[in-house]
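# Overview (structure and organization)
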Amino acid sequence: GGNETAVLQLRELHGRMREIALKLNALALDEQERQRLLDILRFQVEEIRRANMRPGEKEELENERSILSNREKIFALANEAYALLYESEHSIMGQVDRLTRIMQQLAEFDSSWAGHLESFRESLYRLEDLAYVARDYTGSIDFSPDRLDQIERRLSDLNRLSVKYGKSAEEVLLFADQCEKRLEELTSSSDTSMRLHAELDATLEQYLESAEKMSSKRRKDGARFEREIRKEFRALAMEQMDLSVRFHPREMSGSTAQGRIPAYCGADGVDRVEFLLAPNAGEEKKPLARIASGGELSRIMLSIKSLCGGGEAGKTLVFDEIDAGIGGRVAEIVGRRLREVSAHSQVLCVTHLPQIAAYAREHLRIRKETVGERTKTFIERLDAEARVQELARMTGGEVVT
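Predicted, not measured: the structure shown is a model, and the values here were computed from it. (Residues numbered from 1 in each chain as written. Predicted model: local features only at pLDDT ≥ 70, side-chain atom pairs only at ≥ 80, totals over all residues. Heavy atoms only, no water.)

### Regarding the overall build of the chain
Of the regular secondary structure elements, the chain holds 14 helices and 9 strands. Compactness check: the chain gives a C-alpha radius of gyration of 44 Å against a globular reference of 21 Å for 401 residues, more than 25% above the reference. For the C-alpha atoms alone, the extent of the chain along its principal axes is close to 120 × 70 × 50 Å. For the chain, long-range pairs separated by at least 24 residues make up 70% of all intrachain contacts whose partners lie at least 6 apart in sequence. Within the structure as shown, the chain displays about 25,600 Å² of accessible surface, and the carbon and sulfur contribution to it stands at 50%. Once the 61 positive and 70 negative side-chain charges of the chain are each reduced to a mean point, those two points are 9 Å apart. (Helix = DSSP H or I, 4+ residues; strand = E, 2+ residues; numbered from the N terminus. Rg over C-alpha atoms; globule rule 2.2 N^0.38 Å. Contact = heavy atoms within 4.5 Å. Areas by Shrake-Rupley, 256 points an atom, 1.4 Å probe, with all protein chains shown as cover. Lys, Arg positive; Asp, Glu negative; His and termini not counted. Charge placed at Lys NZ, Arg CZ, Asp CG, Glu CD.)

Here you go:
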């Protein structure tokens, strides 16, 4: 019927209704459960906010703890560095004056040394800065045991929060934000519930309007399909067969989607459709799925694809044993129809009748052989001469005259 766009719109509306219904159900927790969840969320938010975490704090504290825990080594190393730079008998800074005079004399004899002397003086300033840092370093740090205890307690608190709520401070704070948002939803559930109910009612009204139009269109399509399929049956020598489309009445009771959407509202509309088939004149029509044989189903599908397959270009259609229960004249008709369908879709057909096989553009012969102690299946593509030979064998038997 060309209803793809309308069906997609229905599916979108149905999906929106399901989403709203899920939100309403989440709000409809019983009061005891709601209060329990509120208490948990409040505790979690309060615990995190009370800690007053900040990104990067844990790393800073761990570095400071390392300094305080190794204060004796740090004192010794800083003093040694200062001594090497400034105080020892052969300190670096003590040798600087001698090296400066040497480089000045070299620059007097060779002007290229002037640039080196300038670079050396810049390095000298950096060495002096380093010496002062080493001298003042130990006095700039609080090495008190109380500070180390404070850091250990703070790191313990941060680690406890990280184990419960997230690996990093960023994750913990994000968790707190999510909890606060959930708290807001639960505490304002009444207003939210009213808004969602109104939204669900409006969406359902829009869905039913679209579904009714779709249902009316489908019924017209069904009547047209019944007329056209009878022509196809006649073309395939199934004149006695009759097929009709039944639209079952909607069941108004019950509901789906968490109990808030009427049961008759499906993702594809409100229709429940069934094909009924009478294989022979005078017989009662019964559900196609229960009474049609394999061959009949294949030929019915061929009829449907002949009518409706134009919009499915590029698909592959497989017809297995479509020749079951038919003779030469009908087989030729089926072969022609398969050829027509193959104009817009790839058709794979398994058949034993040469009247059908003759219409194929390609032939693959399937045979079984015993190899050793096992039976294997072989498939080979036939060239033009082999195709003639195989069709002749199918027609006349093993000996081809």
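Past the structure itself, the notes keep going.
### Observations regarding the packing of aromatic side chains
By the definition in use, this model includes 2 aromatic pairs. Residues Tyr165 and Phe175 carry aromatic rings whose centres are separated by 5.1 Å and whose planes lie at 25° to one another, so their mutual orientation is stacked. Highlighted residues: Tyr165 in helix α7 (residues 145-165) and Phe175 in helix α8 (residues 169-187), separated in sequence by 10 residues. Classification of Phe175 by relative accessible area gives partly exposed; the value is 24%. With a centroid separation of 5.5 Å and an interplanar angle of 20°, the aromatic rings of Phe225 and Phe275 are classed as stacked. You can see Phe225 sitting in helix α9 (residues 189-235) and its partner Phe275 sitting in strand β4 (residues 272-278), a full 50 residues away along the chain. (Phe/Tyr/Trp six-rings, centres within 6.5 Å; stacked < 30°, edge-to-face > 60°. Buried < 20%, exposed > 50% of the residue type's maximum accessible area, 1.4 Å probe, protein only.)

### Details of the pairing of strand β7 (residues 346-350)
The side chains of a regular strand alternate, first on one face of the sheet and then on the other. Taken together, the 5 bridges between strand β6 (residues 316-320) and β7 define a ladder with parallel strand orientation. Pairing of Asp320 across the sheet is with Val350, part of β7. (Pairing = 2+ DSSP bridges.)

### What to know about the sheet that holds strand β5 (residues 286-287)
Within a sheet, neighbouring strands are paired by backbone hydrogen bonds and run either parallel or antiparallel to one another. In space, the 3 strands of this open sheet follow the order β1-β4-β5, with antiparallel pairing throughout. Because the sheet does not close on itself, it has two edges, and the strands there are β1 (242-248) and β5. Bridge analysis of β1 against β4 gives 7 bridges, and the strand direction is antiparallel. Bridge assignment links Asp242 to a residue of β4, and that residue is Ala278.

### Notes on the packing of helix α3 (residues 57-69) against α7
Where α3 meets α7, the axes come as close as 10 Å, and the angle between the chain directions of the two elements is 145°. Considering how the two elements wind past one another, α3 and α7 form a crossing that is left-handed. Across the interface between the two elements, Glu57, Lys58, Leu61, Glu62, Glu64, Arg65, Leu68 and Ser69 of α3 pack against Arg147, Leu148, Ile151, Glu152, Arg154, Leu155, Leu158 and Asn159 of α7. (Axes fitted to C-alpha atoms, helices over the stretch in contact; angles between N-to-C directions. Left-handed = near helix turned anticlockwise from the far one by under 90°.)

### Here we look at the confidence of the model for the chain
For the chain, mean pLDDT is 83; residues scoring 70 or higher make up 90% of the total. Here strand β2 (residues 255-256) stands out as the element of the chain with the lowest mean pLDDT, 52, in contrast to strand β9 (residues 374-381), whose mean of 94 is the highest. (pLDDT = per-residue confidence, 0-100.)

### Some details on the environment of Ala235
Among the secondary structure elements, Ala235 is positioned in helix α9. Once the C-alpha coordinates of Ala235 and Val388 are considered, the two residues, 153 residues apart in sequence, prove to be 27 Å apart. Beyond its immediate stretch of four places on either side in the chain, Ala235 contacts Ile333 and Arg337.

### As for a nonpolar patch on the surface
Together, Leu99, Ile102 and Leu106 line one region of the surface with nonpolar side chains, adding up to about 200 Å² of accessible area. Position of Ile102 relative to the elements: it lies in helix α5 (residues 92-109). (Patch = residues over 30% accessible without salt bridge, like charges linked within 9 Å, V, L, I, M, F, W, Y side chains within 5 Å. Salt bridge = Lys/Arg side-chain N within 4 Å of Asp/Glu carboxyl O.)

### Brief notes about the nonpolar core
One finds Leu243, Ile300, Leu302 and Val334 to be the most contacted residues of the largest nonpolar core, which totals 26 residues. Those elements that place two or more of their residues in this core are α9, β1, α11 (294-308), β6 and α12 (328-341). Looking at which element gives the most residues to this core, the answer is α12, with 6 residues. One finds Leu13, Met17, Leu196 and Met214 within the second-largest nonpolar core, a separate group that totals 17 residues. (Core = buried A, V, L, I, M, F, W, Y, C linked by side-chain atoms within 4.5 Å.)

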